[in-house]
Amino acid sequence: VQLVESGGGLVQPGGSLRLSCACSGFTFSRYYMSWYRQAPGKERELVALIRGDGVHTNYADSVKGRFTISRDNAKNTVYLQMNSLKPEDTAVYYCKASAGVPVINYWGKGTLVTVSS
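Residues numbered from 1 in each chain as written. Predicted model: local features only at pLDDT ≥ 70, side-chain atom pairs only at ≥ 80, totals over all residues. Heavy atoms only, no water.

K.L.:
Residue-level account of the pairing of strand β7 (residues 67–72), with values.
P.N.:
On β7, burial follows the alternation: F67, I69 and R71 on one face are buried, whereas T68, S70 and D72 on the facing-out side are not. Inspection of the sheet shows β7 paired to strand β8 (residues 77–82) by six bridges, in the antiparallel sense. Residue pairing across strands places R71 opposite V78, the latter belonging to β8. A loop of four residues connects β7 with β8, the two strands running antiparallel in sequence, and N76 in this loop sits at a positive phi of about 50°. (Buried < 20%, exposed > 50% of the residue type's maximum accessible area, 1.4 Å probe, protein only. Helix = DSSP H or I, 4+ residues; strand = E, 2+ residues; numbered from the N terminus. Pairing = 2+ DSSP bridges.)

K.L.:
Can you explain the state of the cysteines? Please cite residues and give values.
P.N.:
Under the counting rule described, the total for this entry stands at one disulfide. Note on cysteine connectivity: C21 is disulfide-linked to C95, with sulfurs 1.9 Å apart. You can see C21 sitting in strand β3 (residues 17–24) and its partner C95 sitting in strand β9 (residues 91–99), a full 74 residues away along the chain. C21 provides the cysteine sulfur closest to C23, a residue in no disulfide bond, and the two sulfurs are 3.9 Å apart. (Disulfide = S-S within 2.5 Å.)

K.L.:
Outline the pairing of β3, supporting the account with residue identities and numerical values.
P.N.:
Both strand β1 (residues 2–6) and β3 contribute to a ladder of five bridges, which runs antiparallel. Of the residues in β3, the one forming a bridge with E5 is C21. The pairing of β3 with β8 spans six bridges and is antiparallel. Bridge pairing in β8 links L19 to L80.

K.L.:
Mind laying out the side chain of E5, listing which residues take part and the relevant values?
P.N.:
Assignment of secondary structure puts E5 in strand β1. Within the structure, the side chain of E5 is placed 2.9 Å from the backbone nitrogen of C95, a separation counted as a polar contact. Polar contacts involving the side chain of E5 include one to the main-chain amide nitrogen of G110, which spans 2.9 Å. When neighbours within four sequence positions are excluded, E5 is seen to be in contact with S20, C21, W35, Y93, Y94, C95, G108, K109, G110 and T111. (Polar contact = N/O pair within 3.5 Å; in protein donor to acceptor, adjacent residues only side chain to side chain. Contact = heavy atoms within 4.5 Å.)

K.L.:
Describe the environment of E43, with residues and values.
P.N.:
By secondary structure assignment, the location of E43 is in the loop between β4 (32–38) and β5 (45–50). Apart from the residues lying within four places of it in its own chain, the contact partners of E43 are R37 and Q38.

K.L.:
Could you give me a rundown of the packing of aromatic side chains, with the residues and numbers involved?
P.N.:
Using the criterion set out here, one finds six aromatic pairs in the structure. Following the ring pairs from residue to residue traces out a cluster consisting of F26, F28, Y31 and Y106. Of note, R44 hangs over the ring of Y94, and the distance from its end group to the ring centre comes to 3.7 Å. (Phe/Tyr/Trp six-rings, centres within 6.5 Å; stacked < 30°, edge-to-face > 60°. Lys NZ or Arg CZ within 6 Å of the ring centre and 35° of its normal.)

K.L.:
Any details on the sheet that holds β1? Residues and values, ideally.
P.N.:
Read from one edge to the other, the open sheet built from four strands follows the order β1-β3-β8-β7, with strand pairing classed as antiparallel. Two strands in the sheet have a free side with no partner beyond their single neighbour: β1 and β7. Going from strand to strand, the sheet's axes swing by 15° on average, the running direction of each strand aside. (Axes fitted to C-alpha atoms, helices over the stretch in contact; angles between N-to-C directions.)

K.L.:
Describe the side chain of S98, with residues and values.
P.N.:
Assignment of secondary structure puts S98 in strand β9. A polar contact of 2.8 Å, which involves the side chain of S98, links it to the side chain of N105.

Dropping the structure here:
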């Protein structure tokens, strides 16, 4: 199983980034996919989640209206479009795959997003 995030980097406040998470080794379309982030000195928090069919999504209040999660089941990839970025969005962003009872979770290694002027 592999989840590989990409697309992080340094961006100015108000800018945009698109994160990608390429997945392999499991049946991607059957898994909920989510993006988490962890800022220095803080706990990891859920940013956005998308169901396997791509219909249902959910967002943290802090990113609603600015971030959009999407997925391409043909490419086994989940995306996070981040607009109107703020310094407080600075964090390592991780993608996670979840499915089953009991739940099985797979994590990527993360990509760093820094929002600074």
